[in-house]
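A look at the structure
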Amino acid sequence: MELWIGPLILVSINVFWTFGKITNEEIVSMTEAEAVVGGVAKLPCDMTPPLAGDKVHLVIWYKESIDLPIYSYDARGKSVEGAHHWSENTVLGSRAFFRTSDAPAKLTLESVKDTDAGIYRCRIDFKKSPTRNTQVNLTVIIPPERLSVLDEKGDHIQDYILGPYNEGTSVDITCISTGGRPVPRVTWWQENALLDDSYEVLSERRVKNVLSLERVERRHLHMVFTCQASNNNLIAPISSAITLDLNLRPLWVKLVGENRPLSSEQTYEISCQVVGARPPPTISWYKGSTLLRNTRESTTGDGNTTISTLTFSPLMEDSGKTLTCRASSATIEDSELEDSWKLNIFHVPLVVLELGSNLNASTIREGIDVYFECNIKSNPWVYRVSWRHNGMTLVNNASAGTIVQNQSLVLQSVSRARAGLYTCVGSNQEGDGESNPVPLDVKFAPVCKPGQQKVVGVARHEIAKVMCEVEANPTDVHFTWKFNNSGETFDLPSSHVASERTRSIASYTPRTEVEYGTLLCWGRNELGHQKQPCVYHVIPAGRPDPLENCTILNQTADSLYVECDEGFDGGLPQEFQMEVYDSQSHALVSNVSSKLCWFLATGLPSGVGFDIVLYSFNSKGHSESSHLVAHTLKSAARRSGQTTAPVAIELTPLLGVLAGVVASLILLALGIVLVLRLRGKDCDEKHQKTIVSTDLKRSNESMDSLEKNPDIIPHNNDYHEEEKAFENLNSRLYPTHITVEGRRKAGKEEVTYAELQLPPNLYTNLVTSTRQDEQTVYALIDASLCNATAETPLINHTRESTMNTLERGARVMAGPPPSVSATRF
């Protein structure tokens with residue numbers, strides 16, 4: 001018979017009946033665990049399989065005196081993370097969770113109750129190994145409930161202040177702890193020093209400790225005594241602290257430091273030291289007969305010295321007055337003592353700035369003269385007067401219309417740039433005294449505000465909102481709008497214009513091509529009309545132009561940085577987009593949007609090739625795409641700080657190709673000779689040399705260079721038989737500037753070109769082993785240097801020149817002979 005216990009757990013009835021029959025041999029271990037009521041209990045259970053490769057299938061927790069399981073962990077057919085947890089609601093509820101990630105695994109029980117104490121058994125069923133049982137004895141601790149601190153009369157100490165007592169008096173302080181299991185220890189502490197740990201158990205729930213102080217001294221003043229009760233190391237002990245107060249008169253009062261001159265309106269801290277006062281004295285500060293209240297007190301660690309600190313900001317009127325510190329004890333008669341200083345106050349200049357008496361600040365306009373007066377009160381007197389405009393220092397510059405004359409400032413023919421806040425600064429040995437700021441408000445007619453959008457793109461029948469913004473003072477501006485194209489100029493209706501102070505918005509709708517043009521905006525305030533209008537160009541809106549000059553500026557193992565030049569925005573604000581695709585799978589791996597024309601793609605796989613698509617877009621659509629091909633560096637290349645090295649080309653497979661090229665070159669030379677015999681009747685006999693020039697980028701370089709830059713590249717046409725070489729002779733026209741170096745004759749002189757055409761199989765070998773390029777290579781032959789009677793030297797020289805040019809390629813290329821055609825023009 002079987003019984004269902006919790007979700008997904010099928011346990012045999014026999015298991016339950018044998019709960020009480022488990023012997024000591026079946027219990028692997030017994031461990032102890034402690035927890036505080038309200039805290040968290042952690043019951044360990046070792047889940048390590050005894051056999052390698054084994055795993056846990058099922059973990060069941062039991063508690064002594066309860067016949068049924070209280071918690072289960074079912075990992076049968078599941079991963080550790082996917083195992084099913086079940087908890088008995090009446091015993092543990094949602095308070096328990098089995099943490100398998102701990103070592104060892106632990107059954108955590110939150111909000112521990114007193115009834116949770118007892119012996120727990122953890123049963124572990126492995127896939128292969130025998131079942132293991134472990135026991136955990138959980139002890140639940142009840143901390144002490146409260147502390148009571150009593151004086152020698154048995155009264156509770158009010159406000160935790162014990163006393164005051166007179167010096168030399170003996171004091172007894174009693175501390176009683178209530179509650180807790182097991183019985184707590186009750187101790188007395190002074191800061192971190194243990195004073196007394198001799199406690200007495202009064203009953204099962206009460207413990208007492210009496211602290212006796214014989215003949216208290218000055219050092220006991222404000223000393224803090226703390227009573228603690230604790231019965232575990234899991235939580236902090238409960239505690240109660242009291243402060244001892246003593247009655248002693250002051251020994252002396254002294255102002256700390258040197259009586260030196262003070263600066264007016266500067267903040268100082270002046271300290272007064274009171275020694276020997278018990279209780280802490282009442283300390284008062286006076287300036288003359290005026291009580292000062294901005295003070296703070298502190299007492300030294302031995303309780304014998306009290307420092308009162310006055311935060312004091314003297315005024316220049318305080319010079320000659322007396323600063324007094326007075327201390328007294330309220331509980332002791334005739335205990336008052338004092339110390340005093342006579343104040344000597346220096347102050348920074350007191351400066352007041354005024355606009356010229358005959359000027360009206362509200363009627364200042366561009367072009368008039370303005371002056372300021374700086375009034376100064378200073379002790380000692382100033383040695384310098386300076387002027388500031390919006391915080392920037394002004395210097396005397398008569399040519400610019402700025403005249404500084406000690407305590408006066410003259411501004412000639414002011415402009416709107418002179419508007420702002422003006423101050424004057426008087427300087428003496430105490431510092432700089434800055435005046436009140438005086439605003440200078442310069443009235444001026446409207447002018448066009450810089451930095452506005454001048455080009456507005458709009459489609460036909462679409463309403464363009466064109467904003468005109470001006471600078472003006474006063475800001476109550478009336479606007480006039482006109483439209484102008486090459487044919488006519490007309491006013492915009494007032495119904496299409498909305499204005500507010502220095503800003504106006506015109507609604508304009510072009511319906512035909514001729515209605516695209518220029519909008520002109522003028523402003524007018526009480527000072528006059530705007531002289532130059534604000535100009536806005538209304539153009540047909542469209543998609544933006546493609547991005548230009550896109551360049552990969554940086555590439556790492558996981559990122560690409562690309563910059564482009566933006567094209568025309570189509571008359572509308574544009575943004576930019578970069579899409580990065582895997583060149584093999586064509587999957588989108590990064591999509592970067594930007595308001596600026598640069599892009600940074602990060603998080604890319606290393607050593608992978610990418611196809612990059614870049615375009616801009618506005619509200620009308622997106623531009624044509626620009627394309628780049630890029631790759632990220634390999635991880636090793638990034639670690640070494642180097643870019644990827646080019647892959648070396650293997651030479652061995654090319655040896656056969658080279659042999660074929662040598663044979664092809666011999667046939668090429670023979671073909672050239674035949675052409676010259678057919679067409680060289682008119683050659684000049686003055687020269688016996690043929691110049692052969694090929695399109696070889698590195699024909700004089702090493703064999704490796706030939707591998708990377710092949711000298712002979714097949715023609716686009718297919719030729720399968722070398723006998724067809726002479727059947728494919730054709731004439732080509734070339735630019736007249738292509739000449740043979742050394743040829744000086746003009747007019748009738750001829751230049752003949754030989755065209756080398758390789759068979760497809762040779763072209764395939766060359767392209768595969770090196771690079772793909774054009775399939776035709778031309779040789780330049782100066783016909784003026786030879787004639788029909790000089791055939792033998794010509795043949796020898798042609799063969800020799802051709803072979804010298806390409807003999808280094810004979811070791812790396814081979815294949816069937818090429819076809820040759822020649823052209824004279």
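Note: the structure precedes this text.
A short tour of the structure in this document, coming up.

How each quantity is defined
Residues numbered from 1 in each chain as written. Predicted model: local features only at pLDDT ≥ 70, side-chain atom pairs only at ≥ 80, totals over all residues. Heavy atoms only, no water. Helix = DSSP H or I, 4+ residues; strand = E, 2+ residues; numbered from the N terminus. Buried < 20%, exposed > 50% of the residue type's maximum accessible area, 1.4 Å probe, protein only. Contact = heavy atoms within 4.5 Å. Polar contact = N/O pair within 3.5 Å; in protein donor to acceptor, adjacent residues only side chain to side chain. Disulfide = S-S within 2.5 Å. Core = buried A, V, L, I, M, F, W, Y, C linked by side-chain atoms within 4.5 Å. Phe/Tyr/Trp six-rings, centres within 6.5 Å; stacked < 30°, edge-to-face > 60°. Lys NZ or Arg CZ within 6 Å of the ring centre and 35° of its normal. Pairing = 2+ DSSP bridges. Axes fitted to C-alpha atoms, helices over the stretch in contact; angles between N-to-C directions. Patch = residues over 30% accessible without salt bridge, like charges linked within 9 Å, V, L, I, M, F, W, Y side chains within 5 Å. Areas by Shrake-Rupley, 256 points an atom, 1.4 Å probe, with all protein chains shown as cover. Salt bridge = Lys/Arg side-chain N within 4 Å of Asp/Glu carboxyl O.

**Quick look at the overall build of the protein**
Along its length, the protein carries six helices and 59 strands. Within the protein, the fraction of its 825 residues that count as buried is 43%. Looking at the protein alone, contacts between residues at least 24 apart form 67% of all its contacts between residues at least 6 apart.

**Re the side chain of N231**
Along the chain, N231 falls in the loop between β19 (224-230) and β20 (238-247). At 2.8 Å, the side chain of N231 forms a polar contact with the backbone oxygen of I142. Side-chain polar atoms of N231 contact the backbone oxygen of P182, separated by 3.0 Å. In this view, N231 contacts I141, I142, P143, P144, G180, R181, P182, V183 and P184; residues no more than four positions away in its chain are not counted.

**A few points about the state of the cysteines**
Taken as a whole, this structure holds seven disulfides when the rule is applied. Between the sulfur atoms of C468 and its disulfide mate C521 the distance is 2.2 Å. Taking the sign of the S-S torsion, about -85 degrees here, the bridge from C468 to C521 comes out left-handed. Separated by 53 residues along the polypeptide, C468 in strand β41 (residues 464-473) and C521 in strand β46 (residues 518-525) bring together distant segments of the chain. A relative accessible area of 0% means that C521 is categorised as buried. One disulfide bridge connects C550 with C564, the sulfur atoms lying 2.1 Å from each other.

**Some thoughts on the nonpolar core**
Counting 28 residues, the largest nonpolar core has V59, W61 and F98 as the members making the most contacts within it. Mapped onto this core, the elements with two or more residues apiece are β3 (27-36), β4 (41-45), β5 (56-63), β6 (71-74), β8 (96-99), β9 (105-109), β10 (118-126) and β11 (132-141). Broken down by element, this core gets its largest block of residues, four residues, from β10. Leave out the neighbours within four places in its chain, and V59 touches M47, Y71, S72, Y73, F98, C122, R123 and I124.

**Some remarks on unusual backbone geometry**
For the bond running from R181 to P182, omega is 0 degrees, close enough to zero to count as cis. Residue placement: P182 occurs in the loop between β14 (171-178) and β15 (185-190). The phi angle at R215 is positive, at roughly 50 degrees, despite the residue not being glycine. Of note, R215 is situated in the loop between β18 (206-213) and β19. With relative accessibility at 57%, the residue R215 sits in the exposed group. Here the phi dihedral of H461 falls at roughly 65 degrees; this positive angle occurs in a residue that is not glycine. Along the chain, H461 falls in the loop between β40 (455-458) and β41.

**Remarks on the packing of aromatic side chains**
To describe a pair of aromatic rings, one takes the distance between the centres and the angle between the planes. Counting across every chain of the model gives seven aromatic pairs. With a centroid separation of 5.8 Å and 45 degrees between ring planes, the pair formed by Y561 and W598 is classed as tilted. Taken together, the residues Y561 in strand β50 (residues 560-565) and W598 in strand β53 (residues 598-601) connect sequence positions 37 residues apart. Three or more aromatic residues link up through ring pairs in this structure, and these residues are W61, Y73 and F98. R416 extends its terminal NZ or CZ atom over the ring of F444, reaching a point 5.2 Å from the ring centre. The cationic tip of K454 hangs over the ring face of Y536; the distance from NZ or CZ to the ring centre is 5.1 Å.

**Some words on the environment of F346**
With respect to the helices, strands and loops of the structure, F346 is situated in strand β30 (residues 345-355). Classification of F346 as partly exposed rests on a relative accessible area of 25%. Sequence-wise, F346 and S264 are 82 residues apart; in three dimensions their C-alpha atoms are separated by 5.7 Å. Setting aside its immediate chain neighbours within four residues, F346 contacts P261, L262, S263, S264, N379, Q429 and E430.

**Focus: the sheet that holds β14**
An order of β12-β14-β18-β17 is seen for the four strands of this open sheet, with the pairing classed as antiparallel. Because the sheet does not close on itself, it has two edges, and the strands there are β12 (146-150) and β17 (200-201).

**With respect to the sheet that holds strand β21 (residues 252-255)**
The four strands are arranged β21-β23-β27-β26 in an open sheet whose pairing can be described as antiparallel. Each end of this open sheet is capped by a strand with a single partner; those strands are β21 and β26 (295-299). Direction aside, neighbouring strands of the sheet carry axes that sit 20 degrees apart on average. Here β26 pairs with strand β27 (residues 305-312) via five bridges, running antiparallel. Note that in β27 the partner of R296 across the bridge is T309.

**Some remarks on the pairing of strand β35 (residues 408-411)**
Alignment of strand β31 (residues 370-379) against β35, held across four bridges, turns out to be antiparallel. Of the residues in β35, the one forming a bridge with F372 is L409. For strand β34 (residues 402-405) and β35, the ladder comprises four bridges, and the chain directions are antiparallel. By the bridge assignment for β35, T402 is matched with L411. Between β34 and the antiparallel strand that follows it, β35, lie two residues; N406 among them carries a positive phi value of about 50 degrees.

**A look at the side chain of T306**
Looking at where T306 falls in the secondary structure, it is placed in strand β27. Residue class for T306 comes out buried when judged on its relative accessible area of 4%. Ignoring sequence-local partners within four residues, the contact set of T306 consists of C272, Q273, V274, P281, I283, E297, S298 and T299.

**Observations concerning a nonpolar patch on the surface**
Where nonpolar side chains cluster on the molecular surface, the patch consists of V183, Y199 and V201 and spans about 240 Å² of accessible area. For V183, the position within the fold is in the loop between β14 and β15.

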